[in-house]
Amino acid sequence: GESVGLHLPTLSVQEGDNSIINCAYSNSASDYFIWYKQESGKGPQFIIDIRSNMDKRQGQRVTVLLNKTVKHLSLQIAATQPGDSAVYFCAENSRNTGGFKTIFGAGTRLFVKA
Amino acid sequence: DAGVTQSPTHLIKTRGQHVTLRCSPISGHKSVSWYQQVLGQGPQFIFQYYEKEERGRGNFPDRFSARQFPNYSSELNVNALLLGDSALYLCASSPWSGDEKLFFGSGTQLSVL
């Protein structure tokens, strides 16, 4: 079936440390994956994406890794800052006739300790 | 440039009533999607519209309907409200229908009493 799940519901890290948020997906036909960040009172905000023909993509302080063999995604945040505290969702795009839908996981809440 | 705007920001209704939520996409974006987010969970897909046509529907009852207007704004309608419809309703726009990243509004918080 279609589902995107996360291994850990909460993650607490010290400011300056690196954070790793993991995610498993079940649809082996998915070919586009996205990480979103949601702060309190706001809608999800795009962080980084990756297509299935890649296994790694880097942005500013963030890296996404994709392991298609085990259907696993991870988001790495370097030098985590207090402003990184939020809920992080991995998501996959599923195509349908003439359109698409984005399937979100349950989310991981990241706490950054000063 | 303005982002995705949704109105109202908060709404309180009683069971059995109906509600209309509104969304204006980012200028130039032709696709609008609606999501329901229950507290503590990820957003759940309700509808996607592109060029005023429904392009996708999630697993929601027929009480939920939507439409997109010529200016690409959109409305989500929910009839015969149930307590379980209480949630944050998110609208997202994207430039076109394909493998797209979504740009979300801040949502409408609906409480059904």
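Remember, predicted model here, so these are calculated numbers, not experimental data.

Engineer: Sorry if this is basic, but what is going on with the pairing of strand β11 (residues 108–113) of chain A here?
Structural biologist: A regular strand places its side chains on the two faces of the sheet in alternate fashion. Residues and elements named next belong to chain A. Taking every second residue as pointing to the same face, the buried face of β11 carries Thr108, Leu110 and Val112, while none of Arg109, Phe111 and Lys113 on the other face is buried. When strand β2 (residues 10–14) meets β11, the two strands line up parallel, connected through five bridges. Bridge pairing in β11 places glutamine 14 opposite lysine 113. As paired strands, strand β9 (residues 86–96) and β11 are joined by three bridges and run antiparallel to one another.

Engineer: Before we go on, may I ask you to explain the sheet that holds strand β7 (residues 64–68) of chain B in this structure?
Structural biologist: Hydrogen bonds between backbone groups are what pair the strands of a sheet, and the pairing can be parallel or antiparallel. Residue and element names in this part refer to chain B. The sheet built from four strands is open, its strands ordered β1-β3-β8-β7 with antiparallel pairing. Since the sheet does not close on itself, it has two edges, and those belong to β1 (5–7) and β7, each with one partner. When strand polarity is set aside, the average angle formed by the axes of neighbouring strands in this sheet is 15°. Bridge count between β1 and strand β3 (residues 19–24): three bridges; the pairing is antiparallel.

Engineer: Mind showing me how you'd approach the nonpolar core here?
Structural biologist: In a soluble, globular protein the nonpolar side chains are often hidden away together inside. One finds Trp34, Ile46, Leu76 and Tyr89 of chain B to be the most contacted residues of the largest nonpolar core, which totals 22 residues. Contributions of two or more residues to this core are made by β3, β4 (31–37), β5 (44–50), β7, β8 (74–78), β9 (87–94) and β11 (108–112) of chain B. Counting residues in hydrophobic clusters, the runner-up holds 20 residues, among them Val13, Tyr25, Leu73 and Tyr88 of chain A.

Engineer: Help me understand the confidence of the model for chain A, please; the structure alone is not making it clear to me.
Structural biologist: Any region with low pLDDT has predicted coordinates that should not be read closely. Mean pLDDT over chain A works out to 89, with 92% of the residues at or above the 70 mark. Confidence, read as mean pLDDT per element, is least for strand β1 (residues 4–6) of chain A in chain A (50) and greatest for strand β6 (residues 56–58) of chain A (98).

Engineer: Before we go on, may I ask you to explain the interface of chain A and chain B in this structure?
Structural biologist: Interfaces are often sized by the amount of accessible area the parts lose when they come together. On the side of chain B, 23 residues touch chain A, which itself brings 23 residues to the contact. At the boundary of chain A with chain B, total buried surface from both sides reaches about 1700 Å², with 50% on carbon and sulfur atoms. Applying the counting rule to chain A against chain B returns zero salt bridges. Along the contact surface separating chain A from chain B lie four residue pairs in polar contact (both at pLDDT 80 or more). Taken together, the elements giving at least two residues each to the side of chain A that touches chain B come down to β4 (32–38), β5 (45–51), β9 and β10 (99–104) of chain A.

Engineer: For this particular structure, what's the right way to read the state of the cysteines?
Structural biologist: What we call a disulfide is simply a covalent bond connecting the sulfur atoms of a pair of cysteines. Applying the stated criterion to the full structure yields two disulfides over all chains. With its sulfur 1.8 Å from that of its partner, cysteine 23 of chain A forms a disulfide with cysteine 90 of chain A. Judged by the sign of its S-S torsion, about 50°, the cystine formed by cysteine 23 of chain A and cysteine 90 of chain A is right-handed. Of this pair, cysteine 23 of chain A sits in strand β3 (residues 19–25) while cysteine 90 of chain A sits in strand β9, and the two are 67 residues apart along the sequence. Accessibility classification places cysteine 23 of chain A together with cysteine 90 of chain A in one group, the buried group. Here cysteine 23 of chain B engages in a disulfide with cysteine 91 of chain B; their sulfurs sit 1.8 Å apart. A torsion of -65° about the S-S bond marks the disulfide between cysteine 23 of chain B and cysteine 91 of chain B as left-handed.

Engineer: Where do I start with the pattern of salt bridges in this structure?
Structural biologist: Oppositely charged side chains can pair when the atoms bearing their charge come close. Summed over all chains, the structure comprises 10 salt bridges over all chains. The salt bridge partner of aspartate 49 of chain A is arginine 57 of chain A, with a shortest N-O separation of 2.1 Å. The exposure class of aspartate 49 of chain A is buried, given its relative accessible area of 11%. Residue classification places arginine 57 of chain A among the partly exposed positions, given a relative accessible area of 36%. A salt bridge links glutamate 51 of chain B to lysine 52 of chain B; the shortest N-O distance between them is 3.8 Å. According to the relative accessible area criterion, glutamate 51 of chain B is partly exposed, its value standing at 26%. You can call lysine 52 of chain B partly exposed: its relative accessible area is 37%. Here the salt bridges do not stand alone but share partners, grouping Arg22, Arg67 and Glu75 of chain B into one network.

Cut-offs and rules
Residues numbered from 1 in each chain as written. Chains lettered and ligands numbered in written order. Predicted model: local features only at pLDDT ≥ 70, side-chain atom pairs only at ≥ 80, totals over all residues. Heavy atoms only, no water. Buried < 20%, exposed > 50% of the residue type's maximum accessible area, 1.4 Å probe, protein only. Helix = DSSP H or I, 4+ residues; strand = E, 2+ residues; numbered from the N terminus. Pairing = 2+ DSSP bridges. Axes fitted to C-alpha atoms, helices over the stretch in contact; angles between N-to-C directions. Core = buried A, V, L, I, M, F, W, Y, C linked by side-chain atoms within 4.5 Å. pLDDT = per-residue confidence, 0-100. Contact = heavy atoms within 4.5 Å. Buried area = accessible area lost by both parts, 1.4 Å probe. Salt bridge = Lys/Arg side-chain N within 4 Å of Asp/Glu carboxyl O. Polar contact = N/O pair within 3.5 Å; in protein donor to acceptor, adjacent residues only side chain to side chain. Disulfide = S-S within 2.5 Å.

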